[in-house]
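What follows is the residue order along each chain.
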Amino acid sequence: KSVVAIVGRPNVGKSTIFNRLVGERISIVEDIPGVTRDRIYAEGEWLTSTFNVIDTGGIEIGDEPLLVQMRHQAEVAIDEADVIIFLVNGKEGITAADEEVAKLLYKSNKPIVLGVNKIDNPEMRERIYEFYSLGFGEPFPISGAHGLGLGDMLDEVVGNFPKRETEVPDEDTVYFSLIGRPNVGKSSLVNALLNEDRVIVSEMEGTTRDAIDTHLHKDDQDFVIIDTAGMRKRGKVYESTEKYSVLRALKAIERSDVVLVLIDAESGIREQDKKIAGYAHEAGRAIIIVVNKWDTIESDEKAIRDFEEKVRAHFLFLDYAPIVFLSAKTKKRLHTLIPAIKMASENHSIRIATNVLNDVIMDAIAMNPTPTLKGKRLKVLYATQVAVKPPSFVVFVNDPELMHFSYQRFLENKIREAFGFVGTPIKIFARRRQ
Ligand code: GDP
């Protein structure tokens with residue numbers, strides 16, 4: 001998928017435009033603390049194109065001076081994006097900071113679309129002309145606040161997307177990635193996996209600009225490790241920024257069936273771990289929590305139980321994810337990982353026969369009667385699985401309004417009890433059927 005980045009000095013309206021571009025696709029049913037706030041990466045849509053949008057304004061690093069911040073943001077955009085939207089403020093005209101951003105962007109050979117924001121009515125349109133002098137061609141008048149002019153600008157953005165062959169994933173291959181903050185041991189674990197006994201490894205031609213995929217065969221199963229450039233291309237100045245590693249993770253998650261969320265046993269669980277894991281969960285991927293550096297812990301059954309409790313308390317929304325304790329360094333317990341990936345992937349793409357599913361649903365309803373709202377009782381007619389990866393179910397009911405989320409959660413738990421689904425989220429939707 002093509003990537004669009006929005007850059008510009010502070011307060012030109014980057015986040016407003018970002019939210020406009022990604023629209024209601026950003027709305028999240030579940031409320032995962034710390035995940036959905038300050039989002040910087042999401043899917044946008046225009047006509048027949050879907051693309052990913054980065055709000056570089058969200059990539060801040062502590063209290064660095066403005067110029068340093070802008071340089072980081074421009075660097076991320078230049079590195080990551082296929083098309084850059086350079087946003088300026090039509091009410092204020094060209095400022096020195098705009099010129100600084102422009103200078104950084106001159107160095108890129110990416111297509112740049114100049115958006116002049118805060119042109120809230122046609123009378124203000126003439127203000128765009130001074131922006132020609134920035135040297136990025138025709139300025140597009142837009143109003144993030146009122147949603148004006150976005151279509152013309154997006155035509156230009158989409159028209160500049162590179163033509164690339166779409167990747168067709170192999171159905172029989174399990175694609176997985178490793179995510180986690182810097183230094184949790186992602187590269188070490190990849191290397192450990194590749195050097196494991198009876199693993200046959202072959203490098204694949206990079207299918208996207210910045211991913212290096214590695215093919216491996218183990219336990220009669222083909223796997224592809226999606227290795228983002230973040231693991232190999234080291235030492236970039238922005239590698240240190242927290243949000244930047246999130247960006248890397250997101251790109252890998254998008255192409256994965258199974259995501260390994262790495263946690264550092266030595267330094268413990270951090271807020272950032274949760275945020276990264278939250279993205280994998282939201283994307284509906286199968287997830288395994290990997291506690292790495294287990295060699296640094298005095299390891300007995302109790303230590304595992306204690307750590308497991310801590311992980312569960314921090315990652316309430318990942319209650320379905322198995323936890324694997326291992327050491328990439330000593331390879332202790334490493335052999336448990338591939339079977340866990342295989343199992344999670346199988347559960348992620350399971351199809352449940354409709355009659356079996358309905359037996360489970362009807363048993364559940366017999367045990368715990370459906371809720372009523374204002375004297376009206378929820379009636380469940382039948383359920384059916386509509387998708388895999390993750391397994392998704394539609395429950396046909398008399399009125400979806402009556403499906404209280406706690407009852408939906410109850411049905412979800414019953415489905416889980418019956419079919420396992422270890423390692424994968426599942427989705428349930430209520431639909432009206434008379
Ligand atoms: P990445 O940034 O997530 O790719 O992390 P690296 O793989 O570069 O590892 C970061 C540091 O942690 C390096 O110094 C590794 O040697 C160390 N490390 C990785 N895995 C383990 C482990 O299982 N045990 C210990 N003790 N150290 C590890």
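Below you will find a few notes about this structure. Please read all numbers here as calculations on a predicted model, not as lab measurements.

### Structural notes on the environment of Thr95
Considering the arrangement of structural elements, one finds Thr95 in the loop between β4 (83-89) and α3 (96-106). Each C-alpha atom of the pair Thr95 and Arg9 lies 9.3 Å from the other, and the pair is 86 residues apart in sequence.

### Side note on the site of the ligand
Of all residues adjacent to the ligand, which total 16 residues, the nearest are Gly185, Lys186, Ser187, Ser188 and Lys329. In terms of residue count, the dominant contributor to the shell around the ligand is helix α5 (residues 186-194) (3 residues). Residues belonging to the shell around the ligand are distributed by class as follows: 4 nonpolar, 8 polar and 4 charged.

### A short note on the sheet that holds strand β17 (residues 392-397)
Sheet architecture is open: 3 strands sit in the order β16-β17-β18, paired in mixed fashion. A strand with exactly one partner marks an edge of an open sheet, and here the two such strands are β16 (380-387) and β18 (427-432). Averaged over all neighbouring strand pairs, the angle between strand axes comes to 25°, with direction disregarded. Sheet analysis places β17 next to β18, joined by 6 bridges and oriented parallel. Its bridge partner lying in β18, Val394 is registered against Phe429.

### Remarks on the packing of helix α2 (residues 66-80) against α3
Direction vectors running N to C along α2 and α3 enclose 35°, while the axes themselves pass 10 Å from each other. For the pair α2 and α3, the crossing hand works out as right-handed. From α2, Leu67, Met70, Arg71 and Ala74 reach across to α3, where they touch Glu100, Val101, Leu104 and Leu105. Classifying every residue of the contact of α2 with α3 by side-chain character gives 6 nonpolar, no polar and 2 charged.

Cut-offs and rules
- Residues numbered from 1 in each chain as written.
- Predicted model: local features only at pLDDT ≥ 70, side-chain atom pairs only at ≥ 80, totals over all residues.
- Helix = DSSP H or I, 4+ residues; strand = E, 2+ residues; numbered from the N terminus.
- Near = placed C-beta within 6 Å.
- Nonpolar A, V, L, I, M, F, W, Y, C, P; charged D, E, K, R; others polar.
- Pairing = 2+ DSSP bridges.
- Axes fitted to C-alpha atoms, helices over the stretch in contact; angles between N-to-C directions.
- Left-handed = near helix turned anticlockwise from the far one by under 90°.
- Contact = placed C-beta atoms within 7 Å.

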